[in-house]
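# Secondary and tertiary structure notes
Residue-level listing of the chains:
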Amino acid sequence: MAPLLGSVREAVGDVPALLALARDLGRTAPRPGEGSTARLWELLASVTAVDVAAGRVLEPHLDAVAILSQAGALVPDAANAAWGVFAAEGPGLRLEAVADGAGAYVLNGSKPWCSLAAQLDGAVVTAHVARGGGGSAGTTAGTESGGRAAFAVSLHAPGVSCDTPQWTSRGLREIPSGTVHFDGASAVPVGGPGWYFQRPGFAWGGMGVAACWFGGAVAVARDFSSALAAAADKGREPDQIALAHLGETDRIITSLSGYLARTAERIDSGGLSGSGAWSEALRVRGTVAAAVERVQALVAQNLGPGPLAFNEAYGKRMADLSLYIRQHHAMRDDAQLGALTLKGDRSW
C-alpha cells in the first residue's frame, strides 16, 4: 500500500495522473463480494485519507469495473479506459435508451451530475428504457428503478457532448460535475432492464463510497491529533476539552472501522446478497456520514479558524469532504430505512 499512497501524494491535484493510477488499480484491485471486500474498502479509505479528491476519482472507476464484471458485459478495451458511473437524475433532464434492432442500444437525452466526464473514456450510465426497448425494470430493495437500465458508453463516441460547468464550490475543485448530452450515441446494455438496481452490488457500491468518507474522517482525525501533539511539543498541553474531543474522535473512528470490517465479512460470506443488502447500505452510509460530520465539527471547534485559513492541505480536505458526504441523502435515506425497518427488515 505504501508505494501506492506515495504515488497518490505526488498526483494530488493532477487529475490525468490520478486517472492513470485508477486505470492501473482497476486491473488488480479486489472487487466487492469476491472474498476481499475489506481490502477493497481499506484501499478506498487509505487513498481518500491521503486526498479526498483522489478517492473521489478512484471509487467510481473501480465501481464501474466491478459493474461490468458482475454483468459479464463485453466492452472492447474496457481495461484500458478510465470509467465513471452516471446514475443521477435531475429535473427537466431525461436520458432514454432505444434498441437498435441489432442487440445494441441508442441513447438520447441528457444526464446530470457527470463528474469528470470530459476527462473520462467511458461511463456506465442509467437510462429509461423506451417502450419496446426491452421492457420495464422492477423494484429493488428499497429503490424504485423507474424503468431504468444500465449501459456502457464511450464518452468519445459520436453523439456525445460534455458541458463544462462553472464550478464555484471550494470543495472537490478538480472534479467538476456537469451534464452530458447524448444524441443517437451507441451503447452496450449492461445486465438488462432493472438489473443495475436489483443486484446486491448496487448496495455494495454504495457502501464503498462510505468507505471513502470514512477515510476522509480518519485524515481529519489525524490532523487533530497531530495539531495537539505539535502544540504540546511547544509547551501548550491540550486542556480537558480538547482531550475529551480527541477521545470521542477515537471512539468514532474505532467504531466505524469495526463496523465496516464486519460488514465486509458479511458481504463476502454471502450474508448480504439478498434483499437485506440495501437496508444495510442505508445503515452504513447514514452511520458513516453522521460520524464524518461529527468528527469535522469536533476538529473544527478545537483547531479554530487558523488551519482553515492558512493550512492548505487541511482546508482542502475539510472542503472536499464536506461536499463529498452530501452524496448522502440524510433524512430521506433514514426515511427509506425506516420504511424497510417497519416491514421487518431489521436484526433487533
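The structure reproduced in this document is the subject of the present report. (Residues numbered from 1 in each chain as written. Predicted model: local features only at pLDDT ≥ 70, side-chain atom pairs only at ≥ 80, totals over all residues. Heavy atoms only, no water.)

### A look at the nonpolar core
Definition in use: The set of buried Ala, Val, Leu, Ile, Met, Phe, Trp, Tyr and Cys residues whose side-chain atoms join them within 4.5 Å is what this entry labels a nonpolar core. Buried residues are those whose accessible area, probed at 1.4 Å on protein chains only, stays under 20% of the maximum for their type, while exposed residues exceed 50% and partly exposed ones sit between those limits. Every helix listed is a DSSP run of H or I at least four residues long, and every strand listed is a run of E at least two residues long, numbered separately from the N terminus. Residues are treated as being in contact if the distance between any of their heavy atoms lies within 4.5 Å.
One finds L107 and F151 to be the most contacted residues of the largest nonpolar core, which totals 110 residues. Counting residues per element, this core draws most heavily on helix 6 (residues 200-233), which supplies 16 residues. Excluding anything up to four places from it in sequence, F151 contacts A97, Y105, L107, A123, V124, V125, A127, V129, A187, V188, P189 and V190.

### Points about the pairing of strand 3 (residues 105-115)
We apply this condition: Only strands that DSSP links by at least two bridges are regarded as paired with each other.
When strand 2 (residues 95-99) meets strand 3, the two strands line up antiparallel, connected through five bridges. Paired with V98 across the bridge in strand 3 is V106. Pairing between strand 3 and strand 7 (residues 177-190): nine bridges, direction antiparallel. Each residue of the ladder has a partner; that of N108, found in strand 7, is D183.

### Digging into the side chain of E59
Quick reminder of the rule: Charge counting treats Lys and Arg as positive and Asp and Glu as negative, with His and both chain ends excluded. Salt bridge, as applied in this entry: a Lys or Arg side-chain nitrogen positioned within 4 Å of an Asp or Glu carboxyl oxygen.
Within the secondary structure, E59 sits in helix 4 (residues 52-71). The side chain of E59 is buried and forms no salt bridge, while R56, the nearest opposite charge, is found at 4.9 Å.

### A closer look at the packing of aromatic side chains
The relative placement of two aromatic rings is captured by the distance of their centres and the angle of their planes. Convention followed: Between the rings of Phe, Tyr and Trp (Trp by its six-membered ring), a pair exists once the centres lie within 6.5 Å; its type follows the angle of the planes, with under 30 degrees stacked, over 60 edge-to-face, and the other angles tilted.
The final tally for this structure, using the stated rule, is six aromatic pairs. A ring pair is formed by Y105 and F151, whose centres lie 4.9 Å apart and whose planes are at 55 degrees; its orientation type is tilted. On the criterion of sequence distance, the pair formed by Y105 in strand 3 and F151 in strand 5 (residues 148-154) is long-range, its members being 46 residues apart. Here the two residues Y105 and F151 agree in accessibility, since each one is buried.

### What about the pattern of salt bridges?
Applying the stated rule across the entire model yields 13 salt bridges. E293 is the partner of R326 in a salt bridge, and the nearest nitrogen-oxygen pair spans 2.9 Å. Residue R326 is located in the loop between helix 10 (312-324) and helix 11 (331-342), and its partner E293 is located in helix 8 (residues 276-303); the two are separated by 33 residues in the primary sequence. Three or more residues joined by partner-sharing salt bridges are found here, namely D51, E174, K316 and D320.

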